[in-house]
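Structural description and commentary
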Amino acid sequence: MRLVIARCSVDYVGRLTAHLPMAPRLILMKADGSVSIHADDRAYKPLNWMNPPCTVREKPGEDGTSVWTVTHSKSGEQLILTIEEILHDSSHELGVDPGLRKDGVEAHLQELLAKHITTLGEGYTLIRREYPTAIGPVDILCRDGNGTTVAVEIKRRGEIDGVEQLTRYLELLNRDPTLRPVRGVFAAQEIRPQARVLATDRGIACVTLDYDALRGIKKDEMTLF
């Protein structure tokens, strides 16, 4: 990523025309080929921008200025930046971003439930997380208090698709003589009524997960007893 703070004017040439007069601005040039121009307000929203793919051509302008022409490779639209003075110019290699990890996503629910497997019932023991199968990993494989193998599918919001997914896992796991019989548990923070009906019809137990309780956080609620 290249960060340039410069005194510049910006002209957009395309389906519409727009002009930003000369002023100090931040020019953001990302590795994906996008270019955006920012002021010191408007939160994250740029004053103007060009989405990738685009090319940038720099050449000397008049009166000691520099002209940067940003051209969209497909539409031909252009951002023309007239640079009067560069106040800062630096480049940084950020690498591949791991992406946003939201609080309470399925991976974290899986981790917490595996750690507190007795949430499913007394005597439960963990076999392993992400148990591999030919059609994908089962979120949690464990045994109940009677020693029966249990496959657990975890979702933030339990939908019919999740029940179907668990059904496929159960059909495959029950072919393994070292595991069968294998029963299923569909666990989610919220389970839709249709999903609950389908799961019950297929002999799959439904468990509603309390995320705060799994994290050991007590709800700030006053109770009489």
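Residues numbered from 1 in each chain as written. Predicted model: local features only at pLDDT ≥ 70, side-chain atom pairs only at ≥ 80, totals over all residues. Heavy atoms only, no water.

With respect to the domain arrangement of the protein
What the domain assignment lists for the protein is domain 1 (2-91) and domain 2 (105-215). Summarising the inter-unit geometry, the C-alpha centres of domain 1 and domain 2 are found 52 Å apart. (Domains from an automatic or database assignment.)

Quick notes on unusual backbone geometry
Cis geometry marks the peptide bond from proline 52 to proline 53; its omega dihedral reads 0 degrees. Relative to the elements of secondary structure, proline 53 occurs in the loop between β4 (48-50) and β5 (54-60). In this chain, arginine 180 is followed by proline 181 through a cis amide linkage whose omega measures 0 degrees. Mapped onto the fold, proline 181 is located in the loop between α2 (160-173) and β11 (182-191). Of note, the phi angle at aspartate 63 is positive, near 55 degrees, even though the residue is not glycine. Along the chain, the position of aspartate 63 falls in the loop between β5 and β6 (66-72). Despite not being glycine, glutamate 130 has its phi angle at roughly 50 degrees, a positive value. Note on placement: glutamate 130 falls in strand β8 (residues 125-131). Overall, the relative accessible area of 33% leaves glutamate 130 in the partly exposed class. (Helix = DSSP H or I, 4+ residues; strand = E, 2+ residues; numbered from the N terminus. Buried < 20%, exposed > 50% of the residue type's maximum accessible area, 1.4 Å probe, protein only.)

Comments concerning the pairing of β8
Note that β8 and strand β9 (residues 138-143) share five bridges and pair antiparallel. Across the sheet, residue arginine 128 finds its bridge partner in β9, namely leucine 141. What sits between the antiparallel neighbours β8 and β9 is a turn of six residues, in which glycine 136 has the positive phi angle 125 degrees. (Pairing = 2+ DSSP bridges.)

Describing the sheet that holds strand β1 (residues 2-13)
Remark on secondary structure: sheet strands pair via backbone hydrogen bonds, oriented parallel or antiparallel. Strands sit in the order β4-β3-β2-β1-β7-β6-β5 across an open sheet of seven strands; the sheet is antiparallel. This sheet does not close on itself; its edge strands, each paired only once, are β4 and β5. The average angle at which neighbouring strand axes cross in this sheet is 30 degrees, direction not considered. (Axes fitted to C-alpha atoms, helices over the stretch in contact; angles between N-to-C directions.)

Some words on the pattern of salt bridges
For the structure shown, the criterion picks out nine salt bridges. For arginine 157, the salt bridge is made with glutamate 190, and the minimal N-O distance between the two is 3.6 Å. Here arginine 157 is found in strand β10 (residues 149-158), whereas its partner glutamate 190 is found in strand β11, with 33 residues between them in sequence. Given the relative accessible area of 37%, glutamate 190 is considered partly exposed. Notably, a salt bridge pairs arginine 192 with glutamate 190, separated by 3.5 Å at the nearest N-O pair. Through salt bridges with shared partners, one network takes in Arg157, Glu159, Glu190 and Arg192. (Salt bridge = Lys/Arg side-chain N within 4 Å of Asp/Glu carboxyl O.)

Brief notes about the side chain of aspartate 144
One can find aspartate 144 in the loop between β9 and β10. There is a polar contact of 2.9 Å between the side chain of aspartate 144 and the backbone nitrogen of threonine 148. When residues no more than four places from it in sequence are discounted, the contact partners of aspartate 144 are Gly123, Tyr124, Val150 and Arg183. (Polar contact = N/O pair within 3.5 Å; in protein donor to acceptor, adjacent residues only side chain to side chain. Contact = heavy atoms within 4.5 Å.)

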